Structure formats: C-alpha cells, structure tokens
Amino acid sequence: MSEIGRFQENGYALVEQALPRHAIEAIEDEVRNLPVLGAGMRNLLSFDWCRALALHLAMEPFLQLLDPRAVVPVQCTYFEKSSDKNWLVAAHQDLSIPVAERIERPELRGWSRKDGMWFVQAPVEVMSRMLVLRLHLDFCGPDDGPLNVVPGSHTVGRLSDEQALRLRDEIGEEPCHANRGDILAMRPLLLHASSRSRGTSKRRVLHFLFGPAELPLGLAWP
C-alpha cells in the first residue's frame, strides 16, 4: 500500500524531514520571541512569518498528495511541553474550526469565542475535508509526551466520549514519534490523546489546520 493509501486508511502519516535544518532554525528564532503564556498560544497566523510558512506548506507536494482540497491555512497553534509545562489529554477528536462570524443554523453547534475569534463544531462533511500538519521543532520520543492515535477512527464520524473510549479499547493506540523537522499529518476526526512528558527535553510543535477554499452553510474563514 502506498503512503497515500495508508494515510487515507489510518488517518495519519509522518512526513520525514519535511523542512531542512536551516528552515527549522529560522522558525525557532521566531518562536523564541512569542509572548507565550502557559503551555501554548493560538492565532499564530497573525504573525507574518507564520502566515508565510503556512502558505509555503500549502504548496508542498506532500500536502497536495495527502489532500489537494485542503489548501487554505485557517489556524496555527503553538504547543510547548516540558517537565515544567506538562499535561495530558484524553482521547478525543478535534471538532471545531475558526470562522468569520456566527451563523444560526441547526447543523452548526458548539459555538464558542476564543481569543477574539468565533469557533464552531462543523458537520462531519466539513471536518472530513480538513487537514492538520504538526511541525515538530524537536525530537519527540516515548518520554516526550507524544500523540497517541487510534488508526482508522477518522472514518466513523463524530463520536461521543463513551464511543471514543470503546473504540480506543477495541482498536488500540499507536504512538507518533517524530524527529526535528518532521511533520505529522492527520485528520482532525482521528481519535488522539497526548501523554505527559517523562523526560527533561522540550516538545515544541506548530499545529497547522488547513481547509478547503469554500465552506458550506454560509460559513467563511476568518
């Protein structure tokens, strides 16, 4: 089976050495100047360097192969996990997307306002067309709090908490280790969890969300 076939079946794939060393070093210089409070920061696309990086990734051949529809960068979040900034997250799906304004439609639910932006839980048809690219700025091994994913879980639609736990126990989880400069590509509906860091190293990740050029139901990107 090809890498693309495995991605479609499993809902995730690792793109090794997606960016060269000098590019990662330039990104690190920008990240050091971020006004980060706590474990991360949203809305990085408001920074010119991050917007330019997102547009560059959108044109990369590997993204075009994974999903040529997901070409619009709509969000970037920075995560920094270490022994000082540590957390775990139970198995879940990413269900919300940022949009320009709130629209009252029965198909749209879970509206929230975060950092001055509207977020909504879009229908499964929309979420299945979204793509996440997680750019690793550091090595991420078993002691560094990697993502654990449930292969194929992106194909079963929106899951309740009970259904998610049952599916995780039935299929099992796989850890997503990565090297510096690797990108973990995944579907937002893929069940994923995050374990605590047990080591002393940092695990810094830029979490990009890409979507289609147009949205249904009168929605628009910010």
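(A) Region of the structure containing the sheet that holds strand β10 (residues 174–176). Pairing is antiparallel across the open sheet formed by 4 strands, whose spatial order is β4-β12-β9-β10. Two strands in the sheet have a free side with no partner beyond their single neighbour: β4 (89–92) and β10. Across this sheet, the average inter-strand angle for adjacent strands is 25°, counted without regard to direction. In terms of strand pairing, strand β9 (residues 147–149) meets strand β12 (residues 192–194) through 3 bridges, oriented antiparallel. Paired with Leu147 across the bridge in β12 is Ser194.

(B) The nonpolar core, seen in detail. Formed by 34 residues in total, the largest nonpolar core has its most connected members in Ile27, Leu133, Leu206 and Phe208. Among the elements of the structure, β1 (12–15), α2 (21–31), α3 (48–58), α4 (61–66), β3 (72–81), β8 (131–136), β11 (183–186) and β13 (203–211) are those that each provide at least two residues to this core. By residue number, the principal contributor to this core is α3, which donates 6 residues. For Phe208, the contacting residues outside a window of four places in its chain are Leu45, Cys50, Leu53, Ala54, Leu57, Gln75, Cys76, Leu131, Val132 and Leu133. Core analysis: the second largest hydrophobic core is formed by 26 residues, Val120, Leu147, Leu184 and Leu189 among them.

(C) Up close: unusual backbone geometry. A positive phi angle is found at Gln17, which is not glycine, with a value near 50°. Of note, Gln17 is situated in the loop between β1 and α2. Of note, Asn43 is a non-glycine position whose phi angle comes to about 60°, a positive value. Assignment of secondary structure puts Asn43 in the loop between β2 (40–41) and α3.

(D) Spotlight on the pattern of salt bridges. Under the definition given, this model contains 15 salt bridges. As a salt-bridge pair, Asp67 and Arg187 come within 2.9 Å of each other at their nearest N and O atoms. On the criterion of sequence distance, the pair formed by Asp67 in the loop between α4 and β3 and Arg187 in the loop between β11 and β12 is long-range, its members being 120 residues apart. On the basis of relative accessibility, which here comes to 3%, the residue Asp67 falls in the buried class. Classification of Arg187 as buried rests on a relative accessible area of 7%. The salt bridge partner of Glu104 is Arg102, with a shortest N-O separation of 2.8 Å. Since its relative accessible area comes to 60%, Glu104 is described here as exposed. For Arg102, a relative accessible area of 39% puts it in the partly exposed group. Through salt bridges that share partners, Glu28, Asp138, Arg180 and Arg204 make up one connected network.

(E) A look at the sheet that holds β13. One open sheet accounts for 6 strands, arranged β1-β11-β8-β13-β3-β2; its pairing is antiparallel. A strand with exactly one partner marks an edge of an open sheet, and here the two such strands are β1 and β2. Where β1 lies against β11, 4 bridges are found, and the strand directions are antiparallel. Within β11, the position partnered with Tyr12 by the bridge is Met186.

Parameters and conventions
Residues numbered from 1 in each chain as written. Predicted model: local features only at pLDDT ≥ 70, side-chain atom pairs only at ≥ 80, totals over all residues. Heavy atoms only, no water. Pairing = 2+ DSSP bridges. Helix = DSSP H or I, 4+ residues; strand = E, 2+ residues; numbered from the N terminus. Axes fitted to C-alpha atoms, helices over the stretch in contact; angles between N-to-C directions. Core = buried A, V, L, I, M, F, W, Y, C linked by side-chain atoms within 4.5 Å. Buried < 20%, exposed > 50% of the residue type's maximum accessible area, 1.4 Å probe, protein only. Contact = heavy atoms within 4.5 Å. Salt bridge = Lys/Arg side-chain N within 4 Å of Asp/Glu carboxyl O.

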